[in-house]
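In case you want the letters, here they are:
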Amino acid sequence: MNKNKNIKETFPVIGMSCAACATRVDKTLNQQKGVHTATVNYAAATATIEYDSSICSVQQLKDAIQGAGYDLLTDTEKDSANEAEEIRIQHYRQLKHRTIGAILLSIPLSVISMGFPQMPYAGYIMWALATPALFILGRDFFINAWRQMKHKTSNMDTLVATSTGIAYLFSIFNLLFAEFWTQRGITPHLYFETSAMIIAFILLGRTLEARAKGQTSEAIKKLMGLQPKKVTVRRNGQEFEAAIESIVKGDIIVVKPGERIAVDGTVNEGASYIDESMLSGEPMAVKKSTGSKVYAGTINQKGSFCFQADEVGAETMLAHIIQMVQEAQGSKAPVQKLVDKVAAIFVPTIISIAILTFILWLIFDTENGFTHGLLSAVTILVIACPCALGLATPTAIMVGIGRGAGEGILIKDAESLQIAKKVNLLVLDKTGTITEGKPVVTNWIWDTNPNDYQDIFYSLEKLSEHPLATAIIKSMKAKEIALQQFESITGQGIKASCQGKTYMAGNYRMMKEQGIQISNKLKEQAKELASASKTVVWFATDQQALGIAAITDRIKTESPKAIATLQEMGIDVVMLTGDNQQTAQAIAQQAGINHFEAEMLPQHKAAYIKKQQESGKIVAMAGDGINDSAALAQADLSIAMGQGSDIAMSVAKMTLISSDLTKIAEAIKLSIATVNTIRQNLFWAFIYNLIGVPLAAGILYPINGFLLNPMIAGATMAMSSVSVVTNSLRLRRKKSEKISCIVPQEDLPEEIISQEEVISQKENTPTENQGYVKEYMVEGMMCKHCLARVEKALNTLENVKVTVTLDPPVACITYPTPDDEIPVDELQKVLTEKGGEYTISEK
């Protein structure tokens with residue numbers, strides 16, 4: 001007897017053109033025997049299916065979907081994802097080309113119809129222009145409408161095909177058999193331009209929608225890209241390169257400097273520091289030695305080591321994060337697209353009204369019932385074309401996105417705009433969101449003249465591989481000198497000798513075990529700094545402590561004001577962090593946050609948000625790390641900080657390019673303005689139909705003899721679309737409410753004031769100490785998102801500062817000296833690995 005084997009998988013769905021299609025696919029899947037639950041995501045074009053493989057096979061699911069007029073891609077995960085992406089790109093290109101072609105054909109049609117209707121052969125010229133517009137450029141509407149009819153259902157394609165088809169056929173009849181109308185005292189009109197304009201407008205709306213949905217799968221692809229394709233394996237004493245798919249539990253993996261960890265495991269040889277920020281979100285690299293756990297997707301820094309594979313494939317922590325993001329993205333949104341939901345009822349209703357109108361005219365008008373009935377039916381189908389409905393959402397979205405991009409706010413889709421108005425809880429990640437995400441020295445305290453020892457301290461830290469050493473080096477203006485007898489003491493620090501005297505740098509434990517004398521002044525200062533959750537590095541001779549450096553991931557200066565503004569808007573602010581309780585509490589106090597949660601793993605963040613949602617909260621999440629991607633996907637409104645990871649930006653519905661917290665309030669206000677515009681557009685589009693359809697049916701004819709001309713109906717239809725677009729363009733002229741980032745000095749926490757003093761000291765240094773600046777050309781940047789990626793990638797280089805501009809596309813790199821200049825091929829390598837397909841060259 002077969003045991004139940006439940007499997008949950010996500011498949012790309014091909015052929016859906018509106019929410020009515022998604023509803024049909026959802027219904028079809030849920031009707032299959034063995035399927036427990038099936039959820040179709042129209043925006044992501046995917047179906048997440050939980051089924052019993054002993055009862056239902058993947059091929060059966062595919063056959064069922066094909067029978068409904070769509071397709072389910074069921075190859076391997078990688079192949080199906082690639083195929084779906086290729087189909088999406090091809091479909092978008094076809095839409096764009098067809099839209100341009102339809103507009104080019106519609107322009108001369110409208111000119112002839114409105115300006116030169118009496119020119120020779122005008123009707124035949126318009127016929128010739130309208131035919132390719134409908135049956136070549138708009139053929140998909142008719143093909144899809146036919147498929148829907150075969151399955152006894154309808155969607156927006158049905159109404160588009162019906163209205164344009166009847167207008168087209170009616171125009172041909174009027175052109176070839178004009179005497180049929182003239183004999184009855186009626187002047188025949190042609191509606192070729194109306195049918196072509198309908199196709200052009202709807203294609204434009206579809207193109208805008210496809211463009212907005214184009215980035216849906218980027219998050220999963222980039223998460224999968226964190227795992228290297230090949231690794232170095234040691235078996236039977238020999239090392240060789242192998243594909244990651246061939247790795248099994250127990251294999252020994254060799255990791256060299258700069259390489260990504262392939263699978264989860266335990267270190268059994270060597271030691272190094274690992275950058276785990278993509279999982280933990282914390283900026284400081286973690287020391288790994290024998291017995292330490294390492295995780296897939298993290299990056300090895302300077303050392304080399306070997307580890308034993310413990311978890312491979314779908315069992316790694318990275319794979320679990322990928323699965324969580326997929327499930328959160330694949331779940332149904334709380335707010336569906338209103339236009340497509342209404343379309344399923346709107347289409348058959350309009351067709352029914354048109355047929356009913358024709359029958360009523362035949363019954364009640366015995367003389368001209370056929371003529372008036374046919375004209376009224378056609379007028380109803382023409383005036384009720386959903387151009388305004390189709391453009392209401394995408395035009396407002398595109399204008400809102402354009403205005404947001406100009407202010408450093410990238411908005412992905414309408415869902416985020418609709419939900420932003422209801423947000424009442426904002427969850428913030430700490431590192432890179434509230435803080436800068438970079439460990440820096442905030443305080444220097446010396447017990448002696450620092451000028452006598454700075455070079456020694458600097459040179460000592462240059463020999464260290466610890467990430468805190470990098471922060472100290474960057475903050476010092478000193479020169480490197482030769483040291484002897486260098487020694488690294490695990491868990492404590494480093495020491496070396498200079499001119500026969502021993503110097504050391506490390507933690508308090510090192511000072512204690514080495515018997516170093518510490519003055520009361522340094523002890524008190526170190527205690528105060530530690531209570532402020534700062535890491536204290538001691539510098540001493542072999543007898544006496546000389547000074548201390550306090551290191552922290554400093555809070556952004558605008559964070560307290562930004563959080564206060566959000567709270568004034570009635571939004572509760574909560575901080576979730578993977579850091580320890582003491583640090584989290586200190587940061588929360590500085591930022592003015594009343595509630596926080598510390599030592600949170602990625603799954604804990606997502607679970608916290610889900611719990612808040614279950615209690616009725618509408619949650620917005622702002623984060624910058626890969627570890628935030630699952631929580632971002634779970635949130636109702638996800639906001640990524642632009643200086644963070646590409647994964648977070650891909651998952652998020654909004655991205656703040658500047659990583660400025662004050663932009664969150666601006667983004668929410670912009671979203672409210674945009675969603676209000678969408679609602680206004682939809683209101684007028686529906687009102688237009690509610691008024692226009694009865695007029696087209698001839699409701700005023702018994703009263704005053706008024707019967708709406710189909711030509712006027714066509715013009716009215718066009719004007720309804722223009723009014724929607726014009727209303728959307730008003731968003732550009734609305735003044736944005738900027739939030740002042742200037743906080744009085746006396747209102748800042750002491751830590752921020754000290755940090756500002758450090759920055760001020762750096763900015764006021766003489767020009768000759770600011771380094772050697774060189775400009776490079778960067779090709780391939782298309783938007784501010786590209787600019788952020790390029791700048792972020794190049795700034796990973798040591799001892800340089802990079803500023804990138806979009807117009808002109810130039811990267812300005814500041815080196816300490818001309819001798820430190822990095823070859824352009826090395827710059828290109830870093831840019832390709834960490835930024836993407838951009839090209840850098842010497843100017």
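Quantities reported herein were computed from a predicted structural model and do not represent experimental measurements.

The next point concerns the overall build of the protein. Counting its regular elements, the protein contains 31 helices and 30 strands. In the protein, which comprises 843 residues, the proportion classed as buried is 51%. When contacts within the protein are restricted to residue pairs at least 6 apart in sequence, long-range pairs at least 24 apart make up 67% of them. Split by element, the accessible area of the protein, about 38900 Å² in all, is 54% carbon and sulfur.

Strand order across the open sheet formed by six strands is S6-S5-S7-S13-S8-S11, with antiparallel pairing between neighbours. Both edges of this open sheet fall to strand S6 (238-243) and strand S11 (293-294), since each of them pairs with a single strand only. Pairing of strand S5 (residues 230-235) with S6 involves six bridges; the strand directions are antiparallel. Bridge pairing in S6 places Arg235 opposite Gln238.

Attention shifts here to unusual backbone geometry. The phi dihedral of Tyr121 falls on the positive side, at around 60°, and the residue is not glycine. Position of Tyr121 relative to the elements: it lies in the loop between helix H3 (77-115) and helix H4 (122-135).

What follows concerns the pattern of salt bridges. Within this structure, the stated rule accounts for 14 salt bridges. Here Glu239 and Arg234 are joined by a salt bridge, their closest N and O atoms 3.0 Å apart. Take Glu239: its relative accessible area is 43%, and that puts it in the partly exposed class. Measuring nitrogen to oxygen at the nearest pair gives 3.3 Å for the salt bridge that ties Lys774 to Glu842. Residue Lys774 is found in strand S27 (residues 772-779), and its partner Glu842 is found in strand S30 (residues 839-842); the two are separated by 68 residues along the sequence. A residue is classified by how much of its surface remains accessible, and Lys774, at 17% relative accessible area, is buried. Overall, Glu842 belongs to the partly exposed group, its relative accessible area being 48%.

Turning to the side chain of Thr677, a few remarks are in order. Following the sequence through the fold, Thr677 ends up in helix H26 (residues 662-697). Overall, Thr677 belongs to the buried group, its relative accessible area being 1%. Side-chain polar atoms of Thr677 contact the backbone oxygen of Ala673, separated by 2.9 Å. Those residues in contact with Thr677 that lie beyond four places of it in its chain are Ala396, Asn727, Ser728 and Leu731.

Here we take up the nonpolar core. Grouped together as the largest cluster of nonpolar side chains are 33 residues, with contacts concentrated most on Leu428, Ile434, Ile593 and Ile664. Counting residues in each nonpolar core, the second largest holds 24 residues, with Leu95, Leu105, Leu175 and Phe192 among its members.

On to the environment of Arg403. Structurally, Arg403 can be placed in helix H14 (residues 387-406). When the C-alpha atoms of Arg403 and Leu729 are compared, they prove to be 10.0 Å apart, with 326 residues separating the residues in sequence.

The complete set of buried residues in helix H31 (residues 824-834) reads Leu827, Gln828, Val830 and Leu831. Down the axis, H31 shows its buried residues gathered within 165° of arc, on one side only. Those residues of H31 that are exposed and aimed more than 90 degrees away from the buried face are Asp825, Lys829 and Glu833. One or two positions beyond H31, positive phi appears at Gly836, with a value near 130°.

A separate point is the packing of helix H21 (residues 559-568) against H26. Taken N-terminus to C-terminus, the directions of H21 and H26 make an angle of 30°; their axes are 7 Å apart at the nearest point. Classified by the angle between their axes, H21 and H26 sit roughly parallel to one another. Taking contact as the criterion, the partners of Ala562, Thr565 and Leu566 in H21 are, on H26, Thr662, Ile664, Ala665 and Ile668. Looking at the contact of H21 with H26, its residues break down into five nonpolar, two polar and no charged.

A few words on the packing of helix H13 (residues 369-383) against H26. Running from N to C, H13 and H26 cross one another at 165°; their axes reach a closest spacing of 8 Å. Here H13 lies roughly antiparallel to H26, going by the angle between them. Between H13 and H26 lies a crossing of right-handed hand. Side by side, H13 and H26 meet where Ser376, Thr379, Ile380 and Ile383 of the first sit next to Tyr688, Asn689, Gly692, Val693, Ala696 and Ala697 of the second. In terms of residue class, the contact of H13 with H26 is made up of six nonpolar, four polar and no charged.

By the criterion of burial, strand S13 (residues 305-311) is predominantly enclosed, with five of the seven residues buried. Judged from the six bridges that link them, strand S8 (residues 264-270) and S13 form a sheet pairing that is antiparallel. If you follow Thr266 over to S13, its bridge partner there is Gln308.

Here we take up a nonpolar patch on the surface. On the surface, a cluster of nonpolar side chains totalling about 1000 Å² of accessible area is made up of Ile103, Ile107, Val111, Phe116, Met119, Tyr121, Tyr124, Ile125, Phe173, Leu176 and Phe177. Contributions of two or more residues to the nonpolar patch are made by H3, H4 and helix H6 (156-176). Residue placement: Met119 occurs in the loop between H3 and H4. With relative accessibility at 31%, the residue Met119 sits in the partly exposed group.

The next subject is the environment of Ala685. Relative to the helices and strands, Ala685 resides in helix H26. It is 9.2 Å that separates the C-alpha atoms of Ala685 and Ser723, two residues lying 38 residues apart in sequence.

Quick look at the sheet that holds strand S10 (residues 286-288) now. On the basis of which strands lie adjacent, the open sheet formed by three strands has the order S10-S9-S12 and antiparallel pairing. A strand with exactly one partner marks an edge of an open sheet, and here the two such strands are S10 and strand S12 (299-300).

Let us now look at the side chain of Ser106. One can find Ser106 in helix H3. Beyond its immediate sequence surroundings of up to four residues, Ser106 is in contact with Ala196, Met197 and Ala200.

Our next topic: the confidence of the model for the protein. One rule of thumb: low pLDDT means the predicted coordinates there are not for detailed reading. When pLDDT is averaged along the protein, the result is 79; 79% of the residues meet or exceed 70. Mean pLDDT across the elements of the protein ranges from a minimum in helix H29 (residues 750-763), with 33, to a maximum in H4, with 94. This stretch, residues 328-336, has a pLDDT under 50; its non-local contacts, to residues over four places away or in other chains, come to 24 contacts. Low pLDDT (under 50) marks residues 738-770, which in the prediction has 39 contacts with non-local residues, meaning those over four places away or in another chain.

A few words on the packing of aromatic side chains. Taken as a whole and judged by the stated rule, the model has 19 aromatic pairs. On the basis of an interplanar angle of 75° and a centroid distance of 5.4 Å, the ring pair of Phe173 and Phe180 is categorised as edge-to-face. By relative accessible area, which is 30% here, Phe173 ends up partly exposed. The structure contains a cluster of three or more aromatic residues connected by ring pairs, namely Trp444, Trp446, Tyr453, Phe457, Tyr503 and Phe539.

A few words on the environment of Ile481. Turning to its location among the elements, Ile481 is positioned in the loop between helix H18 (467-475) and strand S17 (484-489). For the pair Ile481 and Lys462, spaced 19 residues apart in sequence, the C-alpha separation works out to 9.9 Å. In this view, Ile481 contacts Asp455, Ile456, Ser459 and Cys498; residues no more than four positions away in its chain are not counted.

Criteria and cut-off values
Along each chain, numbering runs from 1 in the same order as the chain's sequence is written. Given that this is a predicted model, residues contribute local features only at a pLDDT of at least 70 and side-chain atom pairs are listed and counted only at 80 or more, while totals for whole chains, interfaces and linings are drawn from all residues. To get the side-chain values, take all heavy atoms of the structure and skip hydrogens and water. A run of H or I in DSSP becomes a helix once it reaches four residues, and a run of E becomes a strand once it reaches two; helices and strands are each numbered from the N terminus. Here the term buried applies to any residue with accessible area under 20% of the maximum for its type, exposed to any over 50%, and partly exposed to those in between, with areas from a 1.4 Å probe on protein chains only. We call two residues in contact when some of their heavy atoms are within 4.5 Å. Each accessible area is a Shrake-Rupley result for a 1.4 Å probe, and residues are judged covered by the shown protein chains and nothing else. Whether two strands pair comes down to DSSP finding at least two bridges between them. Criterion for a salt bridge: a side-chain nitrogen of Lys or Arg within 4 Å of a carboxyl oxygen of Asp or Glu. Polar contacts here mean pairs of N or O atoms no more than 3.5 Å apart (in protein, one a potential hydrogen donor and the other a potential acceptor; neighbouring residues in sequence count only if both atoms are side-chain atoms). The definition of a nonpolar core used throughout is a set of buried Ala, Val, Leu, Ile, Met, Phe, Trp, Tyr and Cys residues joined through side-chain atoms within 4.5 Å. Each C-beta atom gives one direction from the helix axis, and the arc is the one those directions make. Where helices are involved, their axes are fitted lines through C-alpha atoms of the stretch in contact, as for all axes, and angles between N-to-C directions lie from 0 to 180°. For classification purposes, an angle smaller than 35 degrees is called roughly parallel, one larger than 145 roughly antiparallel, one from 65 to 115 roughly perpendicular, and anything else oblique. In the scheme used here, Gly and all other residues not listed as nonpolar or charged are polar, with Ala, Val, Leu, Ile, Met, Phe, Trp, Tyr, Cys and Pro taken as nonpolar and Asp, Glu, Lys and Arg as charged. Each crossing gets its handedness from the near helix: less than a right angle anticlockwise from the far helix is left-handed, clockwise is right-handed. Excluding any residue in a salt bridge, patches collect residues exceeding 30% relative accessible area, merging like charges within 9 Å and nonpolar Val, Leu, Ile, Met, Phe, Trp and Tyr side chains within 5 Å. The pLDDT value expresses, per residue, how confident the predictor is, ranging between 0 and 100. Stacked, edge-to-face and tilted are the three classes for Phe, Tyr and Trp ring pairs, Trp counted by its six-membered ring, which pair at centre distances within 6.5 Å; planes under 30 degrees apart are stacked, over 60 edge-to-face, the rest tilted.

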